[in-house]
Structure formats: C-alpha cells, structure tokens
Amino acid sequence: MTVDDRIPFAVPDIGEEEIQAVTDALRSGWLTTGQNAAAFEKEFSAELGDPSVHSIAVNSATAGLHLALDALGVQPGDEVIVPDWTFTSTAEVVRYCGATPVIVDVDPVTLNIDLEAAQRAVTERTKVIMPVHFAGLAVDLNAVAAFAERNGLRVVEDAAHAHPTTCNGVRVGLGSSDCIVFSFYATKTMTTGEGGMVVTRDEALAKRMRTMRLHGISRDVFDRYTSDKPSWQYEVVAPGFKYNLTDTAAAMGRVQLKRAGQMRDARASIAARYLEAFADLPVQLPVDAAEGSSHSWHLFVLRLADEAPIGRNEFIEKMSALGVLCSVHFIPLHLHPYWRDSGDLQESDFPVAADAFRRAVSLPIFSAMTDAQVDRVIAAVRELLG
Ligand SMILES: *Cc1c(COP(=O)(O)O)cnc(C)c1O
C-alpha cells in the first residue's frame, strides 16, 4: 500500500462553493473583518434558531473562551472548574486571566465533566464552570444550570465539538449558559481554517467581548469605514486583544454553516455503521444522544476492553500499518507536565480519565469519507479485535 492509499484521520470538507466564496472575498478588496464576518454572525444566530442571540466571530475558540472569561470578570485569585478530559485550551484561557483552573474527573460513560467531582471542587473562590461537550455529545445542560445556580457560578460552555448538537430539545448555543464557544479549526465539524464563535444572550457581555476582540477599541474597524463619523476617529477603552475573524475566513464559514447539518448527517451515518459493526468486539463503544438530544459525531472514540488482544498503542500502530490513521482524544490534562506540576495533580484524583486514556482510540469520522473508506476502517478494526 502506498502512503496515498492511507485513510487520513480527518479531512476538511471543502467544496467548490467555499472556494468560490473565498475567491470572491479576495477579489472584493476587503480582507479583514467586514461584511462577510457581520453576515456570518447573523447567519450563525439564525441557524441556531434564534436571531436575537449575539454571535461574535473570533479567530479561534481559544480566543473566544478567553473573551468569555474576561467579560465575566475572571481575575487573579478566582478559580474556574474544568474537566480533565479536554484539550489544553480549556484550562489555558483561565491562566490568561491570571486565575486558577481546577481540574476535575469525568463521567465514565460520556467522558463529560462529572458534576459530583465538580461539587467537591467548589470553594469560595470558584467563579465559573466550563463544561466541554466531548466528541459532540452534550453535557446535561439542565444539570449544569442547576449546579451553577446552587453554587452561584457562571457557565461558559466549551462547545468546540458541538455544532450542531441538541441537548434536551434545545440547540447547544441557545441554553441558559452565559457564553457558548464553538471552534472552526480545520478538523472540527465545520471550519474556517482557524476560527470560532462566541454566543451569548447577555447584551453587556456581548458588548465587552466585541470591544475586547479588537484592541479594546470602541468601534470596530469596519464601522469606522462605514459610519458617518470620520474614519480616523476611535477610542481605546481597555487593553484589548487581537481576536477578530478575517472576511476571507468568514466567507468560508458562511458556506460551511449552510452545509453543517448535511455534514453532521454524513458523520452520523458513519457512526451508525461503526456502532453496528463493532457491537460484538471487546470494546466500549461511545453512546448516542438520548431521546430529545442529538450528537454532532465530531469524534468516534472506542475504548479497548481488558479482553482486547492488544493494547491501545499497538492497536494504533497496527491500524496505521493497515492504512487507517487514528488519533487519541484526549491526553488528559493531568498527564501534561505543566498542568500536573502547576496543579500538583495526582493520577489517583482522576480514576476515570486515567483509565480511559489507557484504552481510548479515535477512529476516522469525517463527512467526506467514502463508503469504501468506512468499509476499510471496519475491516481493519475487526481484523485486529475480532
Ligand atoms: C479544538 C478545541 C479547542 C480549541 O479550538 P481552537 O479553535 O483551535 O482554538 C478548545 N476546546 C476543545 C475541547 C477543542 O477540541
């Protein structure tokens, strides 16, 4: 087999329409944040199902999570509860604010934050909880809202995997959390290459995030050139950041947004095939969403059982030899030297994440996958574990 025959772990689903939209944006003469970004924000709110929510386009989900914590006033001395089973961004942005991430274990079935572990971690310094909708299966947001209410906390959802996802009949993005942050990184469920979106219902938070997104300037660059005030006039009201999304990226995002549902359905049918094909193997399969909720199927994560004939690392090597590239989501935070040492984290405090890490493998699941590629993944997994 040649290298070219191998099935990649993830490929962005970019068609002619995206290419045309980016080309048009390039030809328009306006490259930075402008009409495309403004339209993308409006269309994002509309696609979620509520044009009245504020969608704020940013150049990454990491930037969006930072803006959300900043707008909520997170500062040195504060604590923010985050799950162990996530990408480093979720904890990193807490450090950007000079605050302390308090890392807690996850649920053994969903690998989403364990609210009982979170309850034990609450102190008088705790300000925010940041649940992650791992793989695209939502945390029970009713339970999160009750938890936040009981403990007097704010909620920022790391929804990097969760567009489009529904929780208890409500689209992720439209619930009661203070801010919900989506990622458009190249391998996510829809992409702008790099990018993200923060959604909030709170006018004051939206205003603060829009200002801080662009240097703490009171009007964004585009407004400067379209409103009737002189274009050179602006005021810096805070030491902000450089987190705005380019119009070229937004042009791509507007097309991807229209296709997000269809791309999700393509991943869901791959997931359905995997769930059926692996039902008799020595693996723990991911669970689908309960009635009234839906799964984005951003990731398909198997966990090898004790009875599996090979371990996780050997499985990934052999899958690669069979032409299927796999990955691992995630290396839990407590195993990374920085988080382990700065938080004095012990493996024994994260029994679920530690066990899941030894077993977890992410299989390819992307909307542009062909049926023949899905067949080959299934055959390879069955050859190694069947
Ligand atoms: C990808 C990811 C992020 C970061 O997204 P960017 O857009 O790359 O900044 C944050 N959290 C989780 C859980 C992710 O998977």
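Note that the structure is predicted; figures quoted are calculated from it, not measured.

Thresholds applied
Residues numbered from 1 in each chain as written. Predicted model: local features only at pLDDT ≥ 70, side-chain atom pairs only at ≥ 80, totals over all residues. Heavy atoms only, no water. Pairing = 2+ DSSP bridges. Helix = DSSP H or I, 4+ residues; strand = E, 2+ residues; numbered from the N terminus. Buried < 20%, exposed > 50% of the residue type's maximum accessible area, 1.4 Å probe, protein only. Arc of directions from axis to C-beta. Contact = heavy atoms within 4.5 Å. Axes fitted to C-alpha atoms, helices over the stretch in contact; angles between N-to-C directions. Parallel < 35°, antiparallel > 145°, perpendicular 65-115°, else oblique. Left-handed = near helix turned anticlockwise from the far one by under 90°. Nonpolar A, V, L, I, M, F, W, Y, C, P; charged D, E, K, R; others polar. Near = heavy atom within 4 Å. Polar contact = N/O pair within 3.5 Å; in protein donor to acceptor, adjacent residues only side chain to side chain. Areas by Shrake-Rupley, 256 points an atom, 1.4 Å probe, with all protein chains shown as cover. Domains from an automatic or database assignment. Salt bridge = Lys/Arg side-chain N within 4 Å of Asp/Glu carboxyl O. Right-handed = clockwise from strand over helix to strand, strands pointing away. Core = buried A, V, L, I, M, F, W, Y, C linked by side-chain atoms within 4.5 Å.

## Brief notes about the sheet that holds strand β12 (residues 360–363)
Within the open sheet, the three strands sit side by side as β10-β11-β12. Their pairing is antiparallel. Each edge of the sheet is formed by a strand with only one pairing partner; in this case those strands are β10 (283–284) and β12. Bridge analysis of strand β11 (residues 300–304) against β12 gives four bridges, and the strand direction is antiparallel. Looking across to β12, one finds that valine 301 is bridged to serine 362.

## Considerations on helix α10 (residues 312–321)
Those residues of α10 that sit buried are Arg312, Phe315 and Met319. Along α10, the residues classed as buried sweep out an arc of 55° about the axis, all on the same side. Exposed side chains of α10 directed beyond 90 degrees from the buried face belong to Asn313, Glu317 and Ala321. In the core, the buried residues of α10 are packed alongside β11, α12 (351–359), β12 and α13 (371–385). Immediately beyond the C-terminal end of α10, within one or two residues, lies glycine 323, with a positive phi of roughly 90°.

## With respect to the packing of helix α2 (residues 35–48) against helix α9 (residues 247–277)
Relative orientation of the contacting elements α2 and α9 amounts to 30°, with a least axis distance of 8 Å. The angle between the axes of α2 and α9 places the two elements in the roughly parallel class. Between α2 and α9 the crossing geometry is left-handed. Here Gln35, Asn36, Ala37, Ala39, Phe40, Glu43, Phe44 and Glu47 of α2 come into contact with α9, specifically with Asp247, Ala250, Ala251, Gly253, Arg254 and Leu257. When its residues are assigned to classes, the contact of α2 with α9 shows seven nonpolar, three polar and four charged.

## With respect to the environment of leucine 335
One can find leucine 335 in the loop between α10 and α11 (337–343). For the pair formed by leucine 335 and lysine 188, sequence separation is 147 residues and the distance between their alpha carbons is 24 Å. Among residues more than four places away in sequence, those in contact with leucine 335 are Arg340, Glu347 and Phe357.

## A closer look at the site of the ligand
Within the structure, the ligand sits among 16 residues, and Thr62, Asp158, His161, Ser183 and Lys188 are positioned closest to it. Taking histidine 161, its side chain carries an N or O atom lying 2.6 Å from an oxygen atom of the ligand. In the model, an oxygen atom of the ligand is placed 3.2 Å from a nitrogen or oxygen of the lysine 188 side chain. Relative to its unbound accessible area of 380 Å², the ligand is 93% covered by the protein chains. Looking at the shell around the ligand residue by residue, the classes come out as six nonpolar, eight polar and two charged.

## Some points on the domain arrangement of the protein chain
Interfaces are frequently sized by the accessible area removed from exposure as the parts join. As far as domains go, the protein chain holds domain 1 (16–258) and domain 2 (260–385). Distance between the C-alpha centres of domain 1 and domain 2: 26 Å. Between domain 1 and domain 2, the residue contacts involve 40 residues of the former and 36 residues of the latter. Applying the counting rule to domain 1 against domain 2 returns zero salt bridges. There are 20 residue pairs in polar contact (both at pLDDT 80 or more) connecting domain 1 and domain 2. For the side of domain 1 that touches domain 2, the secondary structure elements donating two or more residues are β2 (79–83), α4 (89–96), β3 (100–104), β6 (166–167) and α9. Taken together, the residues that form the side of domain 1 that touches domain 2 break down as 20 nonpolar, 13 polar and seven charged.

## A look at the environment of tryptophan 339
When you line up the elements, tryptophan 339 lands in helix α11. Residue tryptophan 339 is classed as buried on the basis of its relative accessible area of 5%. In this structure the C-alpha to C-alpha distance between tryptophan 339 and proline 101, which are 238 residues apart in sequence, comes to 9.2 Å. With residues near it in sequence (within four places) discarded, tryptophan 339 still touches Thr88, Ala91, Glu92, Arg95, Pro101, Ile103, Leu333, Asp344 and Leu345.

## Description of the pairing of β2
Buried residues dominate β2, accounting for five of its five residues. Alternating residues of β2 divide into Glu79, Ile81 and Pro83 and Val80 and Val82, and every residue in both groups is buried. Handedness of the crossover joining β2 and β3 through α4: right-handed. Here β2 pairs with strand β4 (residues 126–129) via three bridges, running parallel.

## Here we look at the nonpolar core
Counting residues in hydrophobic clusters, the biggest one holds 48 residues, and the most contacted among them are Leu69, Trp85, Met130, Val156 and Met209. At seven residues, the largest contribution of residues to this core is made by helix α3 (residues 61–71). Residues lining this core come from more than one domain, with at least three contributed by each of domain 1 (16–258) and domain 2 (260–385). In terms of nonpolar packing, the next biggest core, distinct from the first, is built from 39 residues, Val102, Val144, Ala159 and Leu174 among them.

## Here we look at the side chain of histidine 329
Secondary-structure assignment places histidine 329 in the loop between α10 and α11. Within the structure, the side chain of histidine 329 is placed 2.8 Å from the side chain of serine 362, a separation counted as a polar contact.

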